[in-house]
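Geometric and topological summary
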Amino acid sequence: MKIIRSPKAMMAWSHELRRAGLTIGFVPTMGALHDGHRALIRAARLRCDALVVSIFVNPTQFGPKEDLTKYPRPISKDRTLCRAEGVDVCFEPTTKSMYPDGFQTTVSLPTIARRWEGEARPCHFSGVATVVTKLFGIVRPHIALFGQKDFQQSALVQQLVEDLNLGVEIVIRSTVREQDGLAMSSRNVYLSPKERIVATTLYKSLRAGAEAIRKGIADGEAIQMMMAQIVKQEPAMTIDYLAVCDPRTLEPLSLVTSRTVLLGAVRLGSVRLIDNLTVTAPAKQT
Ligand code: PAF
C-alpha cells in the first residue's frame, strides 16, 4: 500500500490510472477507522480496480467549540486496517497542503444543510462540501462510498455531485452497528462505560418510531413525540432533535405516506450521538 501525502502526487497517481483505463474507488474518512469504515472499504474493493482511502481530519467542518484537537488519530492502526483490506493508496494530506495560504473557495448547499446537523453545527456542512469537492478533484474517483450513519451528509454529497456535475458515482451503505444496536462512530471512544450502556436509547427510540410507521401510524408529530418520550426516560440524555422527515429533502413530514427517514441527535455527557433509520409506510388499503 502506498502512502501519499501531497495532493499533487495523488493527482499524478490518479491521472496515470485513469490513462490506463482503470477504475478508481474512493472512501473518504477522517481516520479512527472502525468496522463501519471497514464495511465501506470492503464494498468499494469489489467495485473498482484501484482503491484510495483518504485520512484527513478536516478542520473546516469543526466548530470552534468542537473536538478538533482531541479527535482520535490512531494513524498506524488505521494504516494496518487499510493494508489488511487491500487498499492501494492511503491519501493523508496535511492541513497546509489542503488549505494553503490564500485559500478562499467554499462550497455550500444552503437548503439541504439548513436543518438538523446544519442547525446544531453551523459551518459544518460547508466544511464537508468543500473538502469532499476538493478530495474528488484530487483523487478523481469513478465511485465513492459513504455511510448512511451520517444521513444528512450522504444526502448533501449526492446533491453536490448532481449540482456540480462531478461525475462520481455515489454509493451509500447501511449503518454498521455494535451488537446492541449502537451505530458505530469514531466518537464512541469518548463514551464512559456507564454512558456506553445507555447510548443505545437513541437507536431504541428510532426503532420504536419505525415500528409505529410499519403498523400504520401516519401522524409525523405523534411519531416524533413517541420517540422523544423514550429518550426522555434516560435522564443522562438530552435531545438535540428527533425528526420524521422526507429522505430526499430532509423536511419534516406531518403525514407519513411513503419512504421516510427518522433522524436523531442526542447529547450524552460530552458526546453527541447521531443516528437514523429509514422506513417505508405500508401501502394504504383501498
Ligand atoms: O464522514 C466523514 O468522515 C467526513 O465528514 C468526510 C466525508 C471524510 C469529510 O471530511
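Quick note: structure is the one above.
Treat the numbers as computed from the prediction; the structure is a model and nothing was measured.

1. With respect to the sheet that holds strand E6 (residues 169-173)
Strand order in the open sheet formed by six strands is E1-E4-E3-E2-E5-E6, with parallel pairing between adjacent strands. Taken across any chain shown, the strands that pair with only one partner, and hence form the sheet edges, are strand E1 (2-4) and E6. On average, adjacent strands in this sheet sit at an angle of 25 degrees to one another, irrespective of strand direction. For strand E2 (residues 24-29) and strand E5 (residues 143-147), the ladder comprises two bridges, and the chain directions are parallel. Paired with glycine 25 across the bridge in E5 is isoleucine 143. Each of E1, strand E3 (50-55) and strand E4 (89-91) touches helix H3 (residues 75-84); the most contacted strand, E3, lies at about 165 degrees to it.

2. A short note on the nonpolar core
In this structure, Met10, Val52, Phe136 and Leu156 are the most contacted members of the largest nonpolar core, which totals 45 residues. Apart from residues lying up to four places away in sequence, leucine 156 is in contact with Leu109, Ile112, Ala113, Phe125, Val128 and Ala129. The next biggest cluster of nonpolar side chains, apart from the first, holds 30 residues, and it includes Phe62, Ala199, Ala228 and Val266.

3. Regarding the sheet that holds strand E8 (residues 259-268)
Within a sheet, adjacent strands bond to each other through the backbone by hydrogen bonds, running parallel or antiparallel. Spatially, the three strands line up as an open sheet ordered E7-E8-E9, and their pairing is antiparallel. Both outer strands of the open sheet, strand E7 (237-245) and strand E9 (271-280), are each paired with one neighbouring strand and no more. Averaged over all adjacent pairs, the angle separating strand axes in this sheet is 10 degrees, with direction ignored. Sheet topology note: the E8/E9 ladder contains ten bridges and is antiparallel. When the bridges of E9 are listed, leucine 268 appears paired with valine 271. The strands that helix H9 (residues 201-214) touches are E7, E8 and E9; relative to E9, the one it contacts most, it runs at about 15 degrees. Here helix H10 (residues 220-232) sits on the sheet and contacts E7 and E8; the angle it forms with E7, its principal contact strand, is near 160 degrees.

4. Structural notes on the environment of glutamine 158
Inspection of the secondary structure puts glutamine 158 in helix H7 (residues 151-163). We classify glutamine 158 as partly exposed; its relative accessible area is 37%. Separated by 47 residues in sequence, glutamine 158 and threonine 111 have C-alpha atoms that sit 13 Å apart. Each residue touching glutamine 158, except ones within four places of it in the same chain, is listed here: Ile170 and Ile172.

5. A word on the packing of helix H1 (residues 7-19) against helix H6 (residues 124-139)
In the contact formed by H1 and H6, the axes pass within 7 Å of each other and the chain directions differ by 50 degrees. Comparing the axis directions of H1 and H6 gives the class oblique. The segment H1 lies against H6, with Pro7, Met10, Met11 and Ser14 engaging Gly137, Ile138 and Val139.

6. Quick look at the environment of glycine 118
With respect to the element layout, glycine 118 can be found in helix H5 (residues 117-120). Judged by its relative accessible area of 13%, glycine 118 is buried. When the C-alpha atoms of glycine 118 and glutamine 153 are compared, they prove to be 9.7 Å apart, with 35 residues separating the residues in sequence. Those residues in contact with glycine 118, other than ones at most four positions away along the chain, are Ala113, Phe125 and Gln152.

7. Observations regarding the packing of aromatic side chains
By the definition in use, this model includes six aromatic pairs. Relative to tyrosine 99, the ring of phenylalanine 56 lies with its centre 6.3 Å away and its plane at 40 degrees, an arrangement referred to as tilted. Residue phenylalanine 56 is located in the loop between E3 and H3, and its partner tyrosine 99 is located in the loop between helix H4 (95-98) and H5; the two are separated by 43 residues in the primary sequence. Look at tyrosine 99 and you get buried, because its relative accessible area is 14%. With 5.7 Å between their ring centres and 80 degrees between their planes, phenylalanine 62 and tyrosine 71 make a pair best called edge-to-face. Phenylalanine 62 gets classed as buried once you look at its relative accessible area, which sits at 10%. The class for tyrosine 71 is buried, based on a relative accessible area of 7%. Feature note: the residues Phe26, Phe136 and Phe146 constitute an aromatic cluster, connected by ring pairs.

Cut-offs applied
- Residues numbered from 1 in each chain as written.
- Predicted model: local features only at pLDDT ≥ 70, side-chain atom pairs only at ≥ 80, totals over all residues.
- Heavy atoms only, no water.
- Pairing = 2+ DSSP bridges.
- Helix = DSSP H or I, 4+ residues; strand = E, 2+ residues; numbered from the N terminus.
- Axes fitted to C-alpha atoms, helices over the stretch in contact; angles between N-to-C directions.
- Contact = heavy atoms within 4.5 Å.
- Core = buried A, V, L, I, M, F, W, Y, C linked by side-chain atoms within 4.5 Å.
- Buried < 20%, exposed > 50% of the residue type's maximum accessible area, 1.4 Å probe, protein only.
- Parallel < 35°, antiparallel > 145°, perpendicular 65-115°, else oblique.
- Phe/Tyr/Trp six-rings, centres within 6.5 Å; stacked < 30°, edge-to-face > 60°.

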